[in-house]
Amino acid sequence: MAVETTLLLYKDKSKFLGGFEEGEARVKKEVERYASKSLNLASITFAAIALVLGLDTPPQGALLMFSYGFVLLVISFKVEVFGAVRRIWWDLQQRIFNYGILSIILGIYLYIHQSRIQYEFVADLLVVAVVSIHIYEYYFDYKNH
């Protein structure tokens, strides 16, 4: 996350640290939408953490990733206050949200593999798909920044 943000900052520092232009009024609604999605997913993640903690032997790796994802999603929710002020906050809100999602996906992956649930390949495909989409999204962000 820090590397991605630093690369964008390095590419165009003035734009990244600046405010929004006149035609970018939709940003405020997008910031609010990300905050809403973050809070919803944080709630679901909290339920997943409770479920994992209720197991006789909770898979530690999965629990760690769910907890990390929960924290990132709550931070993404709280960044809403600054999101529509400067472009860097808007970008950070999105990036923190995306890494929260990645953490949850990795938590699911670890839960399935550590619990020896049948069809582990589905978890493998899920991780490959989500990480590939994340890489493509960042490439698109960097290219158009």
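Positions within a chain are numbered from 1, following the residues in the order the chain's sequence is written. For this predicted model, a pLDDT threshold of at least 70 governs which residues receive local features, and a threshold of 80 or more governs which side-chain atom pairs are given and counted, while totals over whole chains, interfaces and linings are taken from all residues. Remark: hydrogens and water are excluded; side-chain values derive from all non-hydrogen atoms of the structure.

**Examining the UniProt feature "transmembrane region" (unreviewed entry) in the protein chain**
Argument step 1. UniProt positions are given in the numbering used here, feature names are shortened, and annotations may be inferred rather than shown by experiment. Sequence positions flagged by UniProt for "transmembrane region" (unreviewed entry) are, in local numbering, residues 38–55, 61–84, 96–112 and 118–139.
Argument step 2. Counting from the N terminus, the helices are the DSSP runs of H or I reaching at least four residues and the strands are the DSSP runs of E reaching at least two. Along residues 61–84 one finds 92% helix and 0% strand; the C-alpha atoms at either end are 35 Å apart.
Argument step 3. Its end C-alpha atoms 24 Å apart, residues 96–112 is made of 100% helix and 0% strand.

**Side note on helix 3 (residues 27–53)**
Argument step 1. Along its 27 residues, helix 3 runs 38 Å from first to last C-alpha, staying within 8% of the 39 Å computed at 1.5 Å per residue.
Argument step 2. Here helix 3 has its buried residues at Val27, Val31, Tyr34, Ala35, Ser38, Ala42, Thr45, Ile49 and Val52.
Argument step 3. Looking at the buried residues of helix 3, the elements they touch are helix 4 (60–78), helix 5 (80–83) and helix 6 (87–114). Expected helix span is taken as 1.5 Å per residue step, with the number of steps being one fewer than the number of residues. Per-residue accessibility, obtained with a 1.4 Å probe over protein chains only, is compared with the maximum for each type, and a residue is labelled buried under 20%, exposed over 50%, and partly exposed between these values. Between two residues, a contact is recorded if the distance between any of their heavy atoms is within 4.5 Å.

**Comments concerning the side chain of Ser103**
Argument step 1. Within the secondary structure, Ser103 sits in helix 6.
Argument step 2. Contacts described as polar in this section are N or O atom pairs within 3.5 Å, which, within protein, must combine one atom able to donate a hydrogen with one able to accept it, while residues neighboring in sequence count only if both atoms come from side chains. At a separation of 2.9 Å, a polar atom in the side chain of Ser103 contacts the main-chain carbonyl oxygen of Tyr99.
Argument step 3. The contact partners of Ser103, leaving out residues within four places of it in the chain, are Met65, Tyr68, Gly69 and Leu72.

**What about the packing of helix 3 against helix 4?**
Argument step 1. Where helices are involved, their axes are fitted lines through C-alpha atoms of the stretch in contact, as for all axes, and angles between N-to-C directions lie from 0 to 180°. One can describe the packing of helix 3 onto helix 4 by two numbers: an axis separation of 8 Å at closest approach and a directional angle of 155°. As judged from the angle between their axes, helix 3 and helix 4 are roughly antiparallel. Crossing handedness for the pair helix 3 and helix 4: left-handed. From helix 3, Ala35, Ser38, Leu39, Leu41, Ala42, Thr45, Phe46, Ala48, Ile49, Val52 and Leu53 reach across to helix 4, where they touch Leu63, Phe66, Ser67, Phe70, Leu73, Val74, Ser76 and Phe77.
Argument step 2. Ten residue types, Ala, Val, Leu, Ile, Met, Phe, Trp, Tyr, Cys and Pro, are classed as nonpolar, four, Asp, Glu, Lys and Arg, as charged, and the remainder, Gly among them, as polar. Counted by class, the contact of helix 3 with helix 4 contains 15 nonpolar, four polar and no charged residues. Angle categories are assigned with fixed cut-offs, so that under 35 degrees is roughly parallel, over 145 is roughly antiparallel, 65 to 115 is roughly perpendicular, and the rest are oblique. Less than a right angle of anticlockwise turn of the near helix away from the far helix marks a crossing as left-handed, whereas a clockwise turn marks it as right-handed.

**A word on the environment of Leu51**
Argument step 1. As for its placement among the helices and strands, Leu51 is situated in helix 3.
Argument step 2. Note: C-alpha distance between Leu51 and Leu63 (12 residues apart in sequence) is 9.8 Å.

**What to know about the environment of Gln114**
Argument step 1. Positionally, Gln114 belongs in helix 6.
Argument step 2. What makes Gln114 partly exposed here is its relative accessible area of 39%.
Argument step 3. Those residues within four positions of Gln114 in sequence are excluded, and the remaining contacts are Pro59, Gln60, Gly61 and Ala62.

**Points about a nonpolar patch on the surface**
Argument step 1. The patches reported here contain residues having more than 30% relative accessible area and no salt bridge. Joining distances are 9 Å for like charges and 5 Å for nonpolar side chains (Val, Leu, Ile, Met, Phe, Trp, Tyr). The protein chains shown are the only cover counted for residues, whose accessible areas, like all others here, come from Shrake-Rupley with a 1.4 Å probe. Whenever a carboxyl oxygen of Asp or Glu lies within 4 Å of a side-chain nitrogen of Lys or Arg, that contact is scored as a salt bridge. On the surface, a nonpolar cluster with roughly 450 Å² of combined accessible area is contributed by Tyr119, Phe121, Val122 and Leu125.
Argument step 2. Mapped onto the elements, Val122 comes out in helix 7 (residues 120–144).
Argument step 3. The class for Val122 is partly exposed, based on a relative accessible area of 46%.

**Re the nonpolar core**
Argument step 1. Residues enter a nonpolar core if they are buried and are Ala, Val, Leu, Ile, Met, Phe, Trp, Tyr or Cys, with the set joined through side-chain atoms within 4.5 Å. Counting residues in hydrophobic clusters, the biggest one holds 13 residues, and the most contacted among them are Phe66, Leu73 and Trp90.
Argument step 2. If you list the elements that add at least two residues to this core, you get helix 3, helix 4 and helix 6.
Argument step 3. For this core, the element with the highest residue contribution is helix 3, accounting for six residues.

**Here's the deal with the packing of aromatic side chains**
Argument step 1. Two aromatic rings from Phe, Tyr or Trp, using only the six-membered ring of Trp, form a pair when their centres are within 6.5 Å; if the ring planes differ by under 30 degrees the pair is stacked, by over 60 it is edge-to-face, and anything between is tilted. One pass over the structure, following the stated rule, counts three aromatic pairs.
Argument step 2. Between Phe46 and Phe70 the ring centres are 5.6 Å apart and the planes differ by 45°, which places this aromatic pair in the tilted class. Separated by 24 residues along the polypeptide, Phe46 in helix 3 and Phe70 in helix 4 bring together distant segments of the chain.
Argument step 3. Accessibility expressed as a relative area gives 25% for Phe70, which makes it partly exposed.
Argument step 4. One aromatic cluster in this structure is built from Tyr34, Trp90 and Phe97.
Argument step 5. Our definition puts a charge over a ring when NZ of Lys or CZ of Arg is within 6 Å of the ring centre and also within 35 degrees of the ring normal. Taking NZ or CZ as reference, Lys37 lies 4.5 Å from the ring centre of Tyr34, over its face.

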